[in-house]
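One-letter residues, chain by chain:
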Amino acid sequence: MPGPKEVDYSLYLVTDSTLVPQGETLLAQVEKALQGGATIVQLREKDLDTGDFIKGAKQIKQLTDAYNVPLLINDRVDVALAVDADGVHIGQDDMPLATARKMLGHDKIIGVSCNNAQEAKEAIQGGADYLGIGAVWFTSTKNLTKQPLGIQGIQGILKSIASRPIPAVAIGGINLTNAEQLLVESRHEDVHLAGLAIVSAIIAANDPKAVCESFSDILTRSIPRQGSQRQSAEYILAHLPRAVSLLRSATPMIHHITNNVVINDNANATLAVGASPIMSQNRDELDELAAVNGAMVLNMGTLNDIEMMIMAAKANHRHGNPVVLDPVGGGATTFRKQVVQRFLTEAPLTIIKGNGGEILSMANRGGRSRGVDSLGNVDETTAKDAVQSLAKKHGCIVAMTGPIDYISDGTRTFAIENGVPMLANITGSGCMVTSIVACFASVGRNDYLCATVIAILLVNIAGEMAMQRGNVRGPGTFRSALIDELYILTQEPKLLVEKARIKYLD
């Protein structure tokens, strides 16, 4: 199943055929905009009959396909289905988000218009892929029934979604003279607009290509671009304190369907880092829990009801929540290998976290297990290849824990060298890691790879700190000290930065 959608919303073109200059066509204006750097197109034609709308949408889609740019249809799910568009954008008075999602499925993009924090919250909880926030200023392309938000209003909505951010674009009265100010002054800490939705400034322009090039220059200057910065240990460490603080302030609920042996430790570890655990295996409440959940943990240690686990994954995916799979013993028996394949094909997974034997088995790179324990070590080249190939194939984050941990999104790969051998001497330490990964994923939706690296790093350094305690004599005292250190380190995240041993693998 595909993972989180990777979409460039930065230069978001919204069409309006009534604004096309005399002597030009909408198709020509859109193509010039694409030539100038438009990254996504929304076809918004409120007054067209269905047949004409579909005809025009097919023509636009030929263009967007040629430029490898997504095409969204405004409001009309039927038109989107007819032309196989990449998704839809819906307003507050249009088709309900849940209905649109049911009709389109989870592979399509759905954006929702929002004018206040409550609408933004409901859209995120409902599983929207992005928000269209506005109107920023008065605009001639829409009859506004509410006062424009202004830059402060946009910032207020961005602030309101800081604990659970998804991409957001601003729309309404944006042009080349006010775009940069909007992008810069609307930021709230590290939450910022993902792009600008532009209508008349492009569609009504005599030279849409040049206008788009100018907008692209502004966007490049004004939107924090992580690009190559994301490919470094410094990037992870820069985000670490904020991630820890956000987790403690947000206190997300983490739904576990987990191994019976480790329920208590998973719950205590989750509480120690600032989240709230729930260990429910009741089918009747899966969707209700998903509606208020922060992340979902699926742990294969105890496989009593596989269908229910897959249902839980789908329910959380519908609500936009990350789903973390721990394929406990995934390579140990034929039955478990078959169950792993079911999860990979039927459950929408965001992150897979396993030990060396489990991940190597899933990646068809060998991998030996005895029960739930991994046997043997693996060289860096093999480890990197395994996590990268598995991540690419399934569109998710893959983390392989061991003496050195390897984490990849299919493009970027990090290695963590922190940790202590004693972690392998307590039952369920790997399951505990999975719980902490889910905690950070719940508040790290802009970059699940970064969230996963931070989570594993936290547990490893907590293990190192626990072993330095004078009263730790063996696995029993280590277990208690480990949970204590998880709590302490999330109160003092600077220690994590100082002690981290991370490297980016080219």
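Residues numbered from 1 in each chain as written. Predicted model: local features only at pLDDT ≥ 70, side-chain atom pairs only at ≥ 80, totals over all residues. Heavy atoms only, no water.

(A) Local environment of the overall build of the protein chain. Summing up its helical and strand segments, the protein chain has 20 helices and 19 strands in all. Computed over the C-alpha atoms, the radius of gyration of the protein chain is 24 Å, within 12% of the 23 Å expected from 2.2 N^0.38 for a compact globule of 506 residues. When its C-alpha atoms are laid out on the principal axes, the protein chain stretches across 80 × 45 × 40 Å. Within the protein chain, the proportion of its 506 residues that are buried is 56%. (Helix = DSSP H or I, 4+ residues; strand = E, 2+ residues; numbered from the N terminus. Rg over C-alpha atoms; globule rule 2.2 N^0.38 Å. Buried < 20%, exposed > 50% of the residue type's maximum accessible area, 1.4 Å probe, protein only.)

(B) Spatial organisation of the sheet that holds strand S13 (residues 351-355). With mixed pairing, the 9 strands of this open sheet are ordered in space as S10-S9-S11-S12-S13-S16-S17-S18-S19. Where the open sheet ends on each side, the last strands, each with one partner, are strand S10 (276-278) and strand S19 (502-504). In this sheet, neighbouring strand axes are inclined to one another by 20° on average, regardless of whether the strands run parallel or antiparallel. Two elements, S13 and strand S16 (residues 397-401), share 5 bridges in a ladder whose sense is parallel. In the sheet register, isoleucine 351 faces S16, and the bridge partner there is isoleucine 397. Where helix H16 (residues 380-394) meets the sheet, it contacts S16, strand S17 (405-408), strand S18 (413-416) and S19, and its direction lies at approximately 30° from that of S17. (Pairing = 2+ DSSP bridges. Axes fitted to C-alpha atoms, helices over the stretch in contact; angles between N-to-C directions. Contact = heavy atoms within 4.5 Å.)

(C) Region of interest: the environment of serine 435. Take serine 435: it is sitting in helix H17 (residues 429-443). Between the C-alpha atoms of serine 435 and phenylalanine 414, which are 21 residues apart in sequence, the distance is 20 Å. What serine 435 contacts, discounting residues up to four positions off in sequence, is His256, Asn266, Thr270 and Val297. Polar side-chain contacts of serine 435 include one of 2.8 Å to the side chain of histidine 256. (Polar contact = N/O pair within 3.5 Å; in protein donor to acceptor, adjacent residues only side chain to side chain.)

(D) Highlighting the side chain of asparagine 259. For asparagine 259, the location among the structural elements is in the loop between strand S9 (253-257) and helix H11 (263-272). Residue asparagine 259 is classed as buried on the basis of its relative accessible area, which comes to 12%. Contacts of asparagine 259, omitting those with residues within four sequence positions, involve Asn299, Gly301 and Thr302.

(E) Region of interest: the environment of histidine 239. Inspection of the secondary structure puts histidine 239 in helix H10 (residues 233-250). Residue classification places histidine 239 among the partly exposed residues on the basis of a relative accessible area of 25%. For the pair histidine 239 and arginine 479, spaced 240 residues apart in sequence, the C-alpha separation works out to 28 Å.

(F) Representation of the confidence of the model for the protein chain. Mean pLDDT over the protein chain works out to 90, with 94% of the residues at or above the 70 mark. Low pLDDT, under 50, characterises residues 370-375; the stretch is placed with 15 contacts to residues that sit more than four places away or in other chains. (pLDDT = per-residue confidence, 0-100.)

(G) Region of interest: the nonpolar core. Core analysis: the biggest nonpolar cluster contains 64 residues, and Ile73 and Leu131 have the highest contact counts within it. At 5 residues, the largest contribution of residues to this core is made by helix H9 (residues 208-222). Non-local contacts of leucine 131, meaning those with residues more than four positions away in its chain, are made with Val112, Cys114, Ala120, Ala123, Ile124, Ile161, Ile166, Pro167, Ala168 and Val169. The next biggest cluster of nonpolar side chains, apart from the first, holds 61 residues, and it includes Leu423, Met432, Leu449 and Ala466. (Core = buried A, V, L, I, M, F, W, Y, C linked by side-chain atoms within 4.5 Å.)

(H) Representation of H17 in the model. Across its 15 residues, H17 extends 22 Å between first and last C-alpha, which sits within 8% of the 21 Å expected from 1.5 Å per residue. Of all the 15 residues making up H17, 14 are buried; the element is thus mostly covered by neighbouring parts of the structure. (Expected span 1.5 Å × (residues − 1).)

(I) Inspection of the pairing of S18 at higher detail. Neither face of S18 is exposed, since Thr413 and Ala415 on one face and Phe414 and Ile416 on the opposite face are all buried. Inspection of the sheet shows S17 paired to S18 by 4 bridges, in the antiparallel sense. Opposite aspartate 405, over in S18, you have isoleucine 416 as the bridge partner. The turn joining S17 and S18, which pair antiparallel and follow one another in sequence, is formed by 4 residues; a positive phi near 100° is taken by glycine 410.

(J) Representation of the packing of H11 against helix H19 (residues 475-491) within the structure. Two numbers describe how H11 lies on H19: the axes approach to 8 Å, and their chain directions differ by 25°. The pairing of H11 with H19 is recorded here as roughly parallel in orientation. Seen from H11, the contacting residues are Asp265, Asn268, Ala269 and Ala272; seen from H19, they are Arg479, Ile483, Leu486, Tyr487 and Thr490. (Parallel < 35°, antiparallel > 145°, perpendicular 65-115°, else oblique.)

(K) Fine view of the sheet that holds strand S6 (residues 130-134). Around the barrel, 8 strands lie side by side as S1-S2-S3-S4-S5-S6-S7-S8; this closed barrel has parallel pairing. Neighbour-to-neighbour, the strand axes of the sheet open up by a mean angle of 25°, direction not taken into account. Bridging between strand S5 (residues 109-114) and S6 involves 4 bridges; their strand directions are parallel. Residue serine 113 lies in a different strand from S6, and its bridge partner there is glycine 132. Contacts between helix H4 (residues 97-104) and the sheet are confined to strand S4 (87-90) and S5, with S5 contributing the most and set at about 165° to the helix.

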